[in-house]
Amino acid sequence: MLLKNAFIYIDGSFKSSDLYIINETEWIIGEDLSSIKCDQIIDLSKKYIVPGLVDVHVHLREPGFEYKETILTGSESAKAGGFTSICAMPNVTPSPDDIDNIRLIQDIVDKDACINVYQYSCITEGRLGQNLVDVSKLKDFVIGFSDDGNPVSSDLIMKKMIEQSAMHDVLIAAHCEDFSYEDPRMSEYMNIKRDIELLKNTDTSCRYHVCHVSSKKSIELIRQAKKDGISVTCETAPHYLVFTKEDVISENFKMNPPLGDKEDKEALIQAVCDGTIDIIATDHAPHTYEDKLAGAMGVIGMETSFSSMYTYLVKTGIIKLEKLIELMSVNPSCIFRIPKYSDFTVLDLDAENTVKSDGFLSLGRNTPFEGMTLNGRVIKTICKGKIVWEYTQ
Ligand SMILES: [Zn+2]
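Everything numeric here is computed off the predicted structure, so don't read it as measured data.

What follows deals with the overall build of the chain. In terms of regular secondary structure, the chain is built from 11 helices and 16 strands. Computed over the C-alpha atoms, the radius of gyration of the chain is 20 Å, within 12% of the 21 Å expected from 2.2 N^0.38 for a compact globule of 393 residues. Principal-axis analysis of the C-alpha atoms places the extent of the chain at approximately 60 × 45 × 45 Å. Looking at the 393 residues of the chain, the share that counts as buried comes to 59%. Within the chain, contacts between residues separated by at least 24 positions form 73% of all contacts whose residues are at least 6 apart in sequence. Total accessible area on the chain is roughly 16,300 Å²; 48% of this is exposed by carbon and sulfur atoms. Taken as two groups, the 41 positive and 60 negative side-chain charges of the chain have centres that lie 3 Å from each other.

What follows is the structure, encoded as structure tokens:
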């Protein structure tokens with residue numbers, strides 16, 4: 001496949017070039033590749049090609065909650081959002097905390113997923129916070145370890161997990177929440193603070209990543225920890241960069257951690273600009289309408305992630321498109337060590353789009369972006385050298 005005349009993201013900047021995809025893992029980029037004989041030639045004048053987008057934080061709900069989402073529908077939602085790789089959180093049933101359960105999920109992924117789906121192992125058995133899983137046994141089958149949805153409340157268990165992370169070179173994705181504090185910002189802050197203390201006092205290098213950072217206080221803490229040379233990375237989600245608690249008009253604005261004040265949002269945007277935030281990940285959390293009414297927390301995000309971030313961060317002049325690609329592809333690939341394939345996302349930045357959840361490929365409809373007009377659209381998703389999704393009117 002030969003993609004011609006696009007602006008292609010190469011080493012941090014865009015150049016007008018051609019892209020020839022040889023196979024699953026190999027490609028060539030050149031100023032003019034017209035001399036290559038090829039059956040499939042696609043003209044992409046005025047379009048942008050970026051490395052496939054990566055979402056390190058999604059909930060696919062299968063096995064156990066297939067009425068909310070499945071690996072099939074979740075991966076379809078991902079491809080429509082331009083994602084070629086996603087990392088699925090372990091709050092499913094049975095819990096991916098032993099080899100059999102991880103294999104069970106892997107079999108569904110191999111059968112149903114239309115893009116690269118990687119899974120997390122739990123940190124503790126059943127995500128109950130009591131017994132650490134066998135990290136050395138599971139590490140080769142998963143992208144990282146997380147009890148997402150639940151924090152690891154025990155200091156001792158988190159200390160052990162941090163030691164295991166260093167010993168086995170595995171990534172911890174920490175859902176930070178300290179239940180002894182009612183204020184969600186204090187709760188997030190205190191749990192991150194505990195982990196940073198543990199990281200300081202554990203005399204090894206580990207891979208520690210904070211999930212869905214939502215507040216100013218937490219950001220200040222992480223910024224300082226990075227300055228102090230502590231091995232910490234973090235993500236925030238699009239909704240924290242666009243909305244505040246003033247915007248909450250329905251259940252579809254309720255998630256954990258909740259939306260903060262204007263101050264929090266501004267601090268997060270600042271942290272995106274100065275590199276304190278490494279990754280934008282959606283925390284895609286599909287629920288049925290009934291479950292949302294009954295108080296289920298979380299919003300979906302994969303099909304609006306790129307265009308919402310393009311609209312609110314790039315079109316507004318806060319960051320450049322290159323920086324957004326770092327946050328949504330380059331950094332997550334690097335930090336999570338996502339395997340390299342011929343994965344690309346093609347963007348039409350001139351397109352405008354009114355969000356209608358009825359048309360989503362996700363089973364979830366719980367988006368806070370409903371009815372909003374967003375700029376920039378994913379027009380093709382190429383995974384392992386094949387077009388897996390194309391926008392059609
Ligand atoms: Zn979480």
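Angles between donor atoms at a metal ideally measure 109.5 degrees for a four-coordinate tetrahedral arrangement and either 90 or 180 degrees for a six-coordinate octahedral one. The protein atoms that coordinate the zinc ion are Asp-148 (OD), His-175 (ND1) and His-212 (NE2), at distances of 1.9 to 2.2 Å. Classification of Asp-148 as buried rests on a relative accessible area of 2%. A relative accessible area of 2% places His-212 in the buried class.

As a further point, take unusual backbone geometry. Note the cis peptide between Glu-62 and Pro-63, where omega equals 5 degrees. Residue placement: Pro-63 occurs in the loop between strand E6 (53-58) and helix H1 (71-80). The backbone phi angle of Arg-127 is positive, close to 55 degrees, even though this residue is not glycine. Mapped onto the elements of the fold, Arg-127 is located in the loop between strand E8 (116-121) and helix H3 (135-138).

Attention now goes to the pattern of salt bridges. Considering all chains together, one arrives at 22 salt bridges under this definition. Residue Glu-251 pairs with Lys-254 through a salt bridge whose shortest N-O separation is 3.4 Å. Beyond isolated ion pairs, a larger network of salt bridges with shared partners links Arg-185, Lys-245, Asp-261 and Asp-264.

Another aspect to go through is the environment of Lys-323. Position of Lys-323 relative to the elements: it lies in helix H11 (residues 321-336). Discounting residues that sit within four places of it in the chain, Lys-323 has contacts with Val-272, Cys-273 and Gly-275.

For helix H8 (residues 262-274), with 13 residues, the first-to-last C-alpha span of 18 Å sits near the 18 Å given by 1.5 Å per residue. Within H8 the residues assigned to the buried category are Asp-264, Ala-267, Leu-268, Ile-269, Ala-271 and Val-272. Tucked inside the fold, the buried residues of H8 contact helix H5 (184-201), helix H6 (216-227), strand E12 (232-236), helix H7 (238-242), helix H10 (305-314) and H11. Two residues or fewer after H8 comes Gly-275, characterised by a positive phi angle close to 90 degrees.

Running from N to C, helix H4 (residues 155-168) and H5 cross one another at 50 degrees; their axes reach a closest spacing of 10 Å. When the axis of H4 is compared with that of H5, the two are oblique. In this structure, H4 meets H5 at a crossing whose hand is right-handed. Mapping the contact onto sequence places Asp-155, Met-158, Lys-159 and Ile-162 in H4 and Arg-194, Asp-195, Leu-198 and Leu-199 in H5.

For the rest of this paragraph, the subject is the packing of aromatic side chains. Inspection of the entire model under this criterion finds nine aromatic pairs. Aromatic side chains Trp-27 and Phe-344 sit 5.3 Å apart centroid to centroid with 90 degrees between the ring planes, which places their arrangement in the edge-to-face category. With Trp-27 in strand E3 (residues 27-30) and Phe-344 in strand E14 (residues 344-354), the pair connects residues that are 317 residues apart, well separated along the chain. Trp-27 gets classed as partly exposed once you look at its relative accessible area, which sits at 33%. An aromatic cluster is built from Phe-7, Tyr-9, Phe-14 and Tyr-48, whose rings are joined through pairwise contacts.

The biggest cluster of nonpolar side chains holds 90 residues, and the ones touching the most others in it are Tyr-208 and Phe-306. With residues up to four places along the chain from it excluded, the contact list for Phe-306 reads Leu-53, Gly-81, Leu-321, Leu-324, Met-328, Leu-347, Leu-349, Gly-376 and Val-378. Formed by 15 residues, the second largest nonpolar core is a distinct cluster that contains Val-54, Val-56, Ala-173 and Cys-211.

Every other side chain in a regular strand lies on the same face of the sheet, so the side chains alternate between the two faces. In this sheet, strand E2 (residues 13-21) lies alongside strand E1 (residues 2-10) in antiparallel orientation, the contact comprising seven bridges. Its bridge partner lying in E2, Leu-3 is registered against Leu-19. What sits between E1 and E2 in their antiparallel hairpin is a turn of two residues, with Asp-11 showing a positive phi close to 45 degrees. Bridge analysis of E2 against E3 gives four bridges, and the strand direction is antiparallel. Bridge pairing links Tyr-20 to Ile-28 in E3. Connecting E2 to the antiparallel partner E3 that follows it, the hairpin turn spans five residues.

What counts, and at which threshold
- Residues numbered from 1 in each chain as written.
- Predicted model: local features only at pLDDT ≥ 70, side-chain atom pairs only at ≥ 80, totals over all residues.
- Heavy atoms only, no water.
- Helix = DSSP H or I, 4+ residues; strand = E, 2+ residues; numbered from the N terminus.
- Rg over C-alpha atoms; globule rule 2.2 N^0.38 Å.
- Buried < 20%, exposed > 50% of the residue type's maximum accessible area, 1.4 Å probe, protein only.
- Contact = heavy atoms within 4.5 Å.
- Areas by Shrake-Rupley, 256 points an atom, 1.4 Å probe, with all protein chains shown as cover.
- Lys, Arg positive; Asp, Glu negative; His and termini not counted.
- Charge placed at Lys NZ, Arg CZ, Asp CG, Glu CD.
- Donors = N, O, S within 2.8 Å, 3.2 Å for Na, K, Ca; no water.
- Salt bridge = Lys/Arg side-chain N within 4 Å of Asp/Glu carboxyl O.
- Expected span 1.5 Å × (residues − 1).
- Axes fitted to C-alpha atoms, helices over the stretch in contact; angles between N-to-C directions.
- Parallel < 35°, antiparallel > 145°, perpendicular 65-115°, else oblique.
- Left-handed = near helix turned anticlockwise from the far one by under 90°.
- Phe/Tyr/Trp six-rings, centres within 6.5 Å; stacked < 30°, edge-to-face > 60°.
- Core = buried A, V, L, I, M, F, W, Y, C linked by side-chain atoms within 4.5 Å.
- Pairing = 2+ DSSP bridges.

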